[in-house]
Amino acid sequence: GILAVYWDDLSCKEANGCRVSSGSRPAASPEPSKCGDDESVVVQMKDMQRYSQISALSCEVRLHRDGCIELMYQKYPGDDSRGGINVGMESMDGQFGLNIAGNLPFTEGRPFGVMLVPFLSADEGASGSVNSGSAVEFPFHVEGHTSRQGWLTVRASGQHNWLGERVVRVVQQVFSYKWREGPWSPCRRPSCAASATGQQVRSVDCAGTDGGAYAFDKCVGPAQCADTTGWKD
């Protein structure tokens, strides 16, 4: 797998002040409370150039122990000097990848940063080995406030070149509320007079992800009502 901070045909010339350095950064606090507070490995690239162009790239990447990745860009080539760059990452086997370059504000010409947060991350103490005939717990946590799913690849090996692999699907279903509208009732008119106005009604309640009914204040905004074909409010 590849992590592309700024994938392009770059060169580093010491005569132009280019420098690539790396180091470590301690955790922001004894007990990190959010993504990016954990200890990290830092790589800095200063004044790298594309081809023979004068414009330079200076950026930094932080690889945090909890799986978070921070990308920070101090300066970069302008629109007229920037080619078809790639910014993103691949899965370990290179089968899947994500390029977010088109979603980043390179056209604004000012420093910016972006954080890549893993959907699923192992908790502290999740490493180790499994003895034959035994089982262990794999503690992990998920990030985000939307429903999504991911996959864990579990590989095992043993004596006599024995290998095994299983893919486990992990689903995060976020509990939410939304208005639930029932079907419209038949149109009823108080009389058969041509001027009589018909009326239709339906029930509206606040439903949770589990299908249960909840207090109206749990649902935000008015119900999304749709007119019956041929009728108007």
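So, here is what we can say about the structure in this document. Predicted model only: the values in this text are computed from it and were never measured.

So, about the nonpolar core. Residues Val 5, Tyr 6, Leu 71, Tyr 73, Tyr 76, Val 87 and Phe 106 are the most contacted members of the largest nonpolar core, which totals 20 residues. Those elements that provide at least two residues to this core are β1 (3-7), β4 (40-50), β5 (56-64), β6 (69-75) and β9 (112-116). Those residues within four positions of Leu 71 in sequence are excluded, and the remaining contacts are Val 5, Glu 60, Val 61, Val 87, Phe 112, Gly 113, Val 114 and Leu 116.

For the rest of this paragraph, the subject is the sheet that holds strand β16 (residues 213-214). Taken in spatial order, the three strands of this open sheet run β14-β15-β16, and their pairing is antiparallel. Both outer strands of the open sheet, β14 (177-181) and β16, are each paired with one neighbouring strand and no more. Sheet topology note: the strand β15 (residues 204-208)/β16 ladder contains two bridges and is antiparallel. By the bridge assignment for β16, Ala 207 is matched with Ala 213.

Attention shifts here to the sheet that holds strand β7 (residues 86-90). Read across the open sheet, the three strands follow the order β1-β7-β8; overall the sheet is antiparallel. Each edge of the open sheet carries a strand with a single partner, namely β1 and β8 (97-99). Within the sheet, the average angular offset between the axes of one strand and its neighbour, ignoring direction, is 15°. Of the strand pairs in this sheet, β7 and β8 are connected by three bridges, and their pairing is antiparallel. Its bridge partner being in β8, Met 89 is matched across the sheet by Leu 98.

Looking at chain direction, strand β12 (residues 148-157) and strand β13 (residues 163-172) are connected through ten bridges and run antiparallel. Looking at the pairing, Gln 149 lines up with Val 171 of β13. Linkage of β12 to β13, two consecutive antiparallel strands, is achieved through a turn of five residues, within which His 160 is found at a positive phi near 60°.

What follows is about the state of the cysteines. Enumeration over the complete set of coordinates arrives at two disulfides. The disulfide bridge from Cys 12 ends at Cys 18, spanning 2.0 Å between sulfur atoms. Judged by the sign of its S-S torsion, about -115°, the cystine formed by Cys 12 and Cys 18 is left-handed. In this model Cys 206 forms its disulfide with Cys 219; the gap between the sulfur atoms is 2.1 Å.

Conventions we followed
Numbering of residues starts from 1 in each chain and follows the order in which that chain's sequence is written. Since the coordinates come from a predicted model, pLDDT governs what is reported: local features require at least 70, and pairs of side-chain atoms require 80 or more to be given and counted, while whole-chain, interface and lining totals use all residues. The side-chain quantities take in all heavy atoms of the structure and omit both hydrogens and water. Each nonpolar core is a collection of buried residues, namely Ala, Val, Leu, Ile, Met, Phe, Trp, Tyr and Cys, held together in the definition by side-chain atoms within 4.5 Å. For each residue, the accessible area found with a 1.4 Å probe, counting protein chains only, is set against the maximum for its type, and the residue is called buried under 20%, exposed over 50%, and partly exposed in between. Numbering goes from the N terminus for both helices and strands, where a helix is a DSSP run of H or I of at least four residues and a strand is a run of E of at least two. Any two residues whose heavy atoms approach within 4.5 Å are treated as being in contact. For two strands to be treated as a pair, DSSP must find no fewer than two bridges joining them. Helix axes use the C-alpha atoms of the stretch in contact, all axes being lines fitted to C-alpha atoms, and the angles between their N-to-C directions lie in the range 0 to 180 degrees. A pair of sulfur atoms, both from cysteines and within 2.5 Å, is called a disulfide here.

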